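Chain residues, written in single-letter form:
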Amino acid sequence: AALLRELRSLVGSEGLSGLYRGIGSLVCRDVPYNTLFYGSYESLCTLFMRLTGVQRKEELATGWVFLSGGLGGCIGWSLVLPFDVVKTRVQSGAESRALPLVRRIVATEGVQGLFRGWTAAVVRAFPANACLFLGVEVTTRLLRPATSRRDATAVPPPPPAVPAVPAAGAGAVA
């Protein structure tokens with residue numbers, strides 16, 4: 001009931017666009033975050049594979065996967081936190097435009113104002129992202145044998161067709 005009341009109030013005062021307040025800031029946070037997060041995770045896995053002498057990620061010990069996921073999340077959040085601070089304040093209605101808000105935060109709080117909440121974000125990010133990637137990798141490893149068995153029993157595709165007409169000049173008698 002309270003949610004519907006708030007939705008009516010928001011749409012009544014701001015129109016449907018009020019439901020999308022801060023969407024630009026959200027995109028500016030999430031696109032770089034996912035790039036940094038996944039890139040860091042894969043880079044760390046590759047580093048740990050080299051350090052431990054394994055050739056494939058499936059052979060990497062789950063502890064290294066856990067560590068890679070946790071650190072990947074921490075790296076991602078550390079680098080995009082200013083976007084998150086701006087997004088949160090825009091969505092709360094404190095400011096409607098991102099760039100003036102960034103200027104005001106830096107002028108009144110210093111650059112560290114853009115990193116408000118860093119400790120909480122990183123403390124949450126490590127276990128959440130470590131468990132996320134550990135779950136993905138373990139599930140992939142458990143399902144891969146079933147997929148391999150299914151692929152082994154599948155009918156192989158037919159060989160590629162051989163052209164019936166020789167290429168121009170091939171086999172021509174002079």
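Each value, and the rule that gives it
- Residues numbered from 1 in each chain as written.
- Predicted model: local features only at pLDDT ≥ 70, side-chain atom pairs only at ≥ 80, totals over all residues.
- Heavy atoms only, no water.
- Helix = DSSP H or I, 4+ residues; strand = E, 2+ residues; numbered from the N terminus.
- Areas by Shrake-Rupley, 256 points an atom, 1.4 Å probe, with all protein chains shown as cover.
- Axes fitted to C-alpha atoms, helices over the stretch in contact; angles between N-to-C directions.
- Parallel < 35°, antiparallel > 145°, perpendicular 65-115°, else oblique.
- Left-handed = near helix turned anticlockwise from the far one by under 90°.
- Nonpolar A, V, L, I, M, F, W, Y, C, P; charged D, E, K, R; others polar.
- Salt bridge = Lys/Arg side-chain N within 4 Å of Asp/Glu carboxyl O.
- Buried < 20%, exposed > 50% of the residue type's maximum accessible area, 1.4 Å probe, protein only.
- pLDDT = per-residue confidence, 0-100.
- Contact = heavy atoms within 4.5 Å.
- Patch = residues over 30% accessible without salt bridge, like charges linked within 9 Å, V, L, I, M, F, W, Y side chains within 5 Å.
- Core = buried A, V, L, I, M, F, W, Y, C linked by side-chain atoms within 4.5 Å.

(A) Structural view of the overall build of the protein. In terms of regular secondary structure, the protein is built from five helices and zero strands. Taken from N to C terminus, the helices and strands of the protein fall in the order α-α-α-α-α. On the protein, roughly 11,500 Å² of surface is accessible, and the fraction owed to carbon and sulfur atoms is 67%.

(B) Fine view of the packing of helix α2 (residues 23-52) against helix α3 (residues 62-91). Relative to each other, α2 and α3 sit at 165°, their axes nearing to 7 Å. Classed by the angle they form, the pair α2 and α3 counts as roughly antiparallel. Here α2 runs over α3; the crossing is right-handed. Across the contact of α2 with α3, the residue classes tally to 21 nonpolar, eight polar and three charged.

(C) Quick look at the pattern of salt bridges. Following the criterion strictly, the structure yields ten salt bridges and no others. Here E137 and K57 are joined by a salt bridge, their closest N and O atoms 3.1 Å apart. Pair noted here: E137 is in helix α5 (residues 118-153) and K57 is in the loop between α2 and α3, with a separation of 80 residues, a long-range link. Among the residues examined, E137 registers a relative accessible area of 8% and is labelled buried.

(D) Fine view of the confidence of the model for the protein. Model confidence for the protein is summarised by a mean pLDDT of 87, while 83% of its residues fall at 70 or above. Within the protein, no element has a lower average pLDDT than α5, which sits at 87, and none a higher one than α3, at 94.

(E) Molecular detail of the side chain of K57. Accessibility expressed as a relative area gives 16% for K57, which makes it buried. Apart from residues no more than four positions distant in its own chain, K57 is found in contact with Y41, E42, C45, M49, E137 and R141.

(F) Molecular detail of a nonpolar patch on the surface. On the surface, a nonpolar cluster with roughly 940 Å² of combined accessible area is contributed by L3, L4, L7, V11, L16, L19, Y20, I23, V27 and V31. For the nonpolar patch, the secondary structure elements donating two or more residues are α1 (2-14) and α2. Of the residues forming the nonpolar patch, the biggest block, four residues, is contributed by α1.

(G) Here's a closer look at the nonpolar core. In terms of nonpolar packing, the biggest core is built from 22 residues, with L60 and W77 touching the most fellow members. Mapped by element, the contributors of at least two residues to this core are α2, α3, α4 (98-109) and α5.

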